Amino acid sequence: KLLFTTLLGEVFVSSRRRLADDDSALAEQIMEYMRQNYADQITIAQTSSRFGLDRRRLAALFERHVGMTPSNYLIECRILKAKELLCSCSCPIKQVAECVGDSDSLYFSKAFKKLSGLSPSELRANMPHGMEGGTAAGDAPRERIAAAGR
């Protein structure tokens, strides 16, 4: 009886590890999908449906493996790319917002300032002249996204 209980416990632990590994791999796939498709008008509902999850399960998976909500991860992906565009081209902020999948430039500017500490205009104004392709301020979202993507 003791042997059976011990064996059953080991099977249970092994099964939980396998499920955790599967969840981790799924979280990685979803993050990659978001990084590749941030510029599209993707929604969390579409993303959860694409991966066969309901929205609550997707949110719980993200919280556990990424440490943030799927919406915040998508916003950070968009803001990171927007920083790159703002530092490498002189196109209007509205166009940058559209390029990163945000049709509302006012919302984009508010989210950008909230995450980076600067508005898109302030980022450009504070950017050293001649700087191309880099980010001038607030690299924290890039670091969080890179860390979460590992």
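Residues numbered from 1 in each chain as written. Predicted model: local features only at pLDDT ≥ 70, side-chain atom pairs only at ≥ 80, totals over all residues. Heavy atoms only, no water.

Enquirer: Describe the environment of Glu-63, listing the residues and the values that go with them.
Expert: Relative to the assigned elements, Glu-63 resides in helix α3 (residues 55–65). Sequence spacing of Glu-63 and Ala-27 is 36 residues, and the spatial spacing of their C-alpha atoms is 9.9 Å. Apart from residues lying up to four places away in sequence, Glu-63 is in contact with Met-68 and Thr-69. A distance of 3.4 Å separates a polar atom in the side chain of Glu-63 from the backbone nitrogen of Thr-69. (Helix = DSSP H or I, 4+ residues; strand = E, 2+ residues; numbered from the N terminus. Contact = heavy atoms within 4.5 Å. Polar contact = N/O pair within 3.5 Å; in protein donor to acceptor, adjacent residues only side chain to side chain.)

Enquirer: Please give an account of the packing of aromatic side chains that cites residues and values.
Expert: Aromatic ring pairs are reported here in terms of the distance separating the ring centres and the angle at which the planes meet. Tallied over the entire structure, the rule returns three aromatic pairs. A centroid spacing of 5.7 Å and a plane angle of 65° characterise the contact between Phe-62 and Tyr-73, whose relative ring orientation is edge-to-face. Placement of Phe-62 in helix α3 and of Tyr-73 in helix α4 (residues 70–88) is noted, with a sequence separation of eleven residues between them. Phe-62 gets classed as buried once you look at its relative accessible area, which sits at 0%. (Phe/Tyr/Trp six-rings, centres within 6.5 Å; stacked < 30°, edge-to-face > 60°. Buried < 20%, exposed > 50% of the residue type's maximum accessible area, 1.4 Å probe, protein only.)

Enquirer: Which residues make up the nonpolar core, and what values do they have?
Expert: Ranked by internal contacts, the top residues of the largest apolar core, which has 34 residues, are Ile-30, Met-34, Phe-62, Tyr-73, Val-96, Phe-108 and Phe-112. Top element by residues in this core is α4. It accounts for nine residues. (Core = buried A, V, L, I, M, F, W, Y, C linked by side-chain atoms within 4.5 Å.)

Enquirer: Kindly report on the pattern of salt bridges, identifying the contributing residues and their values.
Expert: One pass over the full model with this rule turns up seven salt bridges. Where Arg-35 meets Glu-32, a salt bridge forms, and the shortest distance between an N and an O atom there is 2.7 Å. You can see Arg-35 and its partner Glu-32 sitting in helix α1 (residues 2–37), three residues apart, about one turn around the helix. Given a relative accessible area of 23%, Arg-35 falls into the partly exposed group. A salt bridge links Lys-81 to Glu-84, with the shortest nitrogen-to-oxygen separation between them at 3.5 Å. Of this pair, Lys-81 and Glu-84 both sit in helix α4, three residues apart, roughly one helical turn. Residue classification places Glu-84 among the partly exposed residues on the basis of a relative accessible area of 22%. Because the salt bridges share partners, they merge into one network encompassing Asp-23, Arg-57 and Arg-64. (Salt bridge = Lys/Arg side-chain N within 4 Å of Asp/Glu carboxyl O.)

Enquirer: Give a detailed account of the side chain of Thr-47, specifying residues and quantitative values.
Expert: Along the chain, the position of Thr-47 falls in helix α2 (residues 44–50). Residue classification places Thr-47 among the buried positions, given a relative accessible area of 1%. Looking at Thr-47, its side chain comes within polar contact range of the main-chain oxygen of Thr-43, at 2.9 Å. Residues contacting Thr-47, with those up to four places away along its chain left out, are Ile-30, Tyr-33, Met-34, Ile-42 and Leu-58.

Honestly, that's just the spatial picture; any functional story needs more than this.
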